Amino acid sequence: MIVAVASGKGGTGKTTVAASLAWVWDRPVAAVDLDVEEPNLHLFLKPDITGRETAFMEVPVADESKCTYCRACADLCQFKAISVLGSVLLTFAEMCHGCGGCLAVCPEKALSPGSRELGDVSWGTAGGRIGFFMGRLRVGEAMSPPLMRAVVAKLNQTPHAAAGDVIIDAPPGTSCPAINAVLPSDLILLVTEPTPFGFHDFRLAHAAFAPLGKPMAAVINRAGLGDRSVQDFCLSRQLPILAEIPFDRSLAEAYSKGRVVAEALPNMRKVFVELMTALRGLAETPPQRKAAAHA
Ligand code: SF4
Ligand code: SF4
């Protein structure tokens, strides 16, 4: 089972939930931080990092001596990452999405594969039993999805990790990186807080992820704040609320020390064990009932 822990808004407690879920998970599990622009799952899980490698993306390199300025590459590229101005060929590696199309269409073989550094992928083990994988985007790099795919590829190349369950800490928001992070999942767990800001972004996240057709559920963090808008919305969309985490000083103190709350607080361990059980129940729900949950 692959669970993506996501949120429409940053700061709702998504990483807190992902870390605690991984901590209480009673089957082989890998925790995967795909929030590659601002990874911080490692701050909670404190993994022993055993490997690290730089990830690259393929970009075209031009040999202008072979170029006939036919424009086939420029006409194909939807991202304006390669241009022909008269008898000048220009490539913009930072704008390239690495599709390889220009290399394929060049009749003169004037383009060859080069590379652009995306960032690094690292892996290890947390708590002696939790597989851990993360990506960290290079400062100045604009595209996170290729690095996220490199992290998932590393997970899949690690047989003992790929064989178990996976908990993904997805980036917040509803744009391309967030969608990309939840795509490999079997189930999306949306973390929100019952404030006007949390509710607003929660609805956006639900609208963004619902078309993917995956089972979804919610966790309400800082329960007790605000009003019941989130609960009413979940009820109206048949979106199960699998856990409510109270707005409590002891949680804030554990969080401020970088501790996994399910480890630091026995009452929170119980909450997350119940959440784990509920997620498994949802994953095993027959398809027609899952479909009803998205009606
Ligand atoms: S690889 Fe794709 S995105 Fe990059 S320059 Fe070529 S056509 Fe454009
Ligand atoms: S397709 Fe090849 S030959 Fe044509 S403009 Fe591009 S690099 Fe030059």
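What counts, and at which threshold
- Throughout this description, residue numbers start from 1 for each chain and increase along the sequence as written.
- For naming, the first written chain is A and the first written ligand is 1, with later ones following in the order written.
- Confidence filtering applies because this is a predicted model: local features only for residues at pLDDT of at least 70, side-chain atom pairs given and counted only at 80 or more, and all residues used for totals across whole chains, interfaces and linings.
- Think of the side-chain values as coming from all heavy atoms in the structure, minus any hydrogens and water.
- We call a residue near a molecule or strand whenever a single non-hydrogen atom of that residue lies within 4 Å of it.
- Only Asp, Glu, Lys and Arg are considered charged, only Ala, Val, Leu, Ile, Met, Phe, Trp, Tyr, Cys and Pro nonpolar, and every remaining residue, Gly among them, polar.
- Annotation comment: domain bounds sourced from an automatic or database domain assignment.
- Whether two residues are in contact is decided by their heavy atoms: any pair within 4.5 Å suffices.
- Accessible-area loss on putting two parts together, using a 1.4 Å probe and summing over both, is the definition of buried area adopted here.
- A carboxyl oxygen of Asp or Glu within 4 Å of a side-chain nitrogen of Lys or Arg is what we treat as a salt bridge.
- When DSSP finds two or more bridges between a pair of strands, those strands are recorded as paired.
- Only DSSP runs of H or I with at least four residues qualify as helices, and only runs of E with at least two residues qualify as strands; both kinds are numbered from the N terminus onward.
- We call a crossover right-handed when, viewed with both strands directed away from the observer, the connection leading from the first strand over the helix to the second proceeds clockwise.
- What pLDDT conveys is the predictor's confidence in a given residue, as a value from 0 to 100.
- Here's how the labels work: a residue is buried when its accessible area is under 20% of the maximum for its type, exposed when over 50%, partly exposed in between, all with a 1.4 Å probe on protein chains only.
- Note on geometry: axes are lines fitted to C-alpha atoms, helical ones only across the stretch in contact, with angles between N-to-C directions running from 0 to 180 degrees.
- The span you would expect from a helix comes to 1.5 Å times its residue count less one.
- Each pair of aromatic rings taken from Phe, Tyr and Trp, with Trp reduced to its six-membered ring, is defined by centres within 6.5 Å and is described as stacked if the planes are under 30 degrees apart, edge-to-face if over 60, and tilted in the remaining cases.
- Throughout this description, the term charge over a ring refers to an Arg CZ or Lys NZ atom that lies within 6 Å of the ring centre and within 35 degrees of the ring normal.

### Thoughts on the site of ligand 1
So, step 1. Around ligand 1, the surrounding shell consists of Pro-60, Cys-77, Phe-79, Ala-81, Cys-96, His-97, Gly-98, Cys-99, Gly-100 and Cys-102.
So, step 2. Tallied by class, the residues present in the shell around ligand 1 amount to 7 nonpolar, 3 polar and no charged.

### With respect to the domain arrangement of the protein chain
So, step 1. Annotation of the protein chain at the domain level lists domain 1 (2-55 + 119-294) and domain 2 (57-117).
So, step 2. Its C-alpha centre places domain 1 at a distance of 38 Å from the equivalent point of domain 2.
So, step 3. Listed per partner, the contact involves 8 residues of domain 1 and 6 residues of domain 2.
So, step 4. Taking both partners together, domain 1 and domain 2 bury about 590 Å²; carbon and sulfur atoms supply 49% of that area.
So, step 5. A per-residue breakdown of the area domain 1 buries against domain 2 is headed by Arg-138, Glu-141 and Met-143, which together make up 62% of the total.
So, step 6. Linking domain 1 to domain 2 there are 2 salt bridges.
So, step 7. As a salt-bridge pair, Glu-94 and Arg-138 come within 3.6 Å of each other at their nearest N and O atoms.

### What to know about the pairing of strand E11 (residues 241-246)
So, step 1. Bridge count for strand E10 (residues 216-223) against E11 is 4 bridges, and the pairing is parallel. The partner of Ile-220 across the bridge, within E11, is Glu-244.
So, step 2. After leaving E10, the chain enters helix H9 (residues 229-236) and then returns to the sheet as E11, a path that is right-handed.

### Describing the site of ligand 2
So, step 1. Among the 14 residues in the neighbourhood of ligand 2, the closest are listed as Cys-67, Cys-70, Arg-71, Cys-73 and Cys-106.
So, step 2. A class-by-class count of the residues in the shell around ligand 2 yields 11 nonpolar, 1 polar and 2 charged.

### Looking at the confidence of the model for the protein chain
Predicted coordinates in areas of low pLDDT are best not read in detail.
So, step 1. Confidence in the prediction of the protein chain, expressed as mean pLDDT, is 92, and 97% of residues score 70 or more.
So, step 2. Contacts for the low-pLDDT stretch residues 289-295, under 50 throughout, to residues beyond four places or in other chains number 13 contacts.
So, step 3. Across the assembled chains, the prediction reports ipTM 0.99 with pTM 0.89.

### Some remarks on the pattern of salt bridges
So, step 1. Tallying each qualifying case throughout the model produces 12 salt bridges.
So, step 2. The salt bridge involving Arg-222 is made with Glu-193; its shortest N-O contact spans 2.3 Å. One end of the pair, Arg-222, is in strand E10; the other, Glu-193, is in the loop between strand E9 (187-192) and helix H8 (196-209), and 29 residues separate them in sequence.
So, step 3. Residue classification places Arg-222 among the partly exposed positions, given a relative accessible area of 25%.
So, step 4. By relative accessible area, which is 8% here, Glu-193 ends up buried.
So, step 5. Ionic contacts of the salt-bridge type, sharing partners, join the residues Glu-94, Arg-116, Arg-138 and Glu-141 into one network.

### Describing the sheet that holds E10
So, step 1. With mixed pairing, 9 strands are arranged side by side in an open sheet as E3-E6-E7-E2-E8-E1-E9-E10-E11. Lying at the two open borders of the sheet, with one neighbouring strand each, are strand E3 (48-62) and E11. Neighbour-to-neighbour, the strand axes of this sheet turn through a mean angle of 20°, independent of strand direction.
So, step 2. Taken together, the 4 bridges between strand E1 (residues 2-6) and strand E8 (residues 165-169) define a ladder with parallel strand orientation.

### Quick look at helix H12 (residues 266-283)
So, step 1. With 18 residues, H12 extends 26 Å between its outermost C-alpha atoms, agreeing within 8% with the 26 Å of an ideal straight helix rising 1.5 Å per residue.
So, step 2. If you check which residues of H12 are buried, you get Met-268, Val-271, Phe-272, Leu-275, Met-276, Leu-279, Arg-280 and Leu-282.

### Quick notes on the packing of aromatic side chains
Here a ring pair, both rings aromatic, is described through the centre-centre distance and the interplanar angle of the planes.
So, step 1. This structure, assessed with the given rule, holds 3 aromatic pairs.
So, step 2. When the centroid spacing of 5.6 Å and the interplanar angle of 40° are considered together, the rings of Phe-44 and Tyr-255 count as tilted. Note that Phe-44 is positioned in helix H2 (residues 41-45) and Tyr-255 in helix H10 (residues 249-256), a separation of 211 residues in sequence.
So, step 3. Here the aromatic rings of Phe-202 and Phe-233 are separated by 5.7 Å at their centres, their planes lie at 75°, and the arrangement is edge-to-face. Taken together, the positions of Phe-202 in helix H8 and Phe-233 in helix H9 put the pair 31 residues apart, joining distant regions of the chain.
So, step 4. On the basis of relative accessibility, which here comes to 2%, the residue Phe-202 falls in the buried class.
So, step 5. Aromatic ring contacts, followed pair by pair, group Phe-199, Phe-202 and Phe-233 into a single cluster.
So, step 6. Note that Arg-129 overlies the ring of Trp-23, its terminal NZ or CZ placed 5.9 Å from the centroid.
So, step 7. If you follow Arg-203 out to its NZ or CZ, it ends over the ring of Phe-199, 4.6 Å from the centre.

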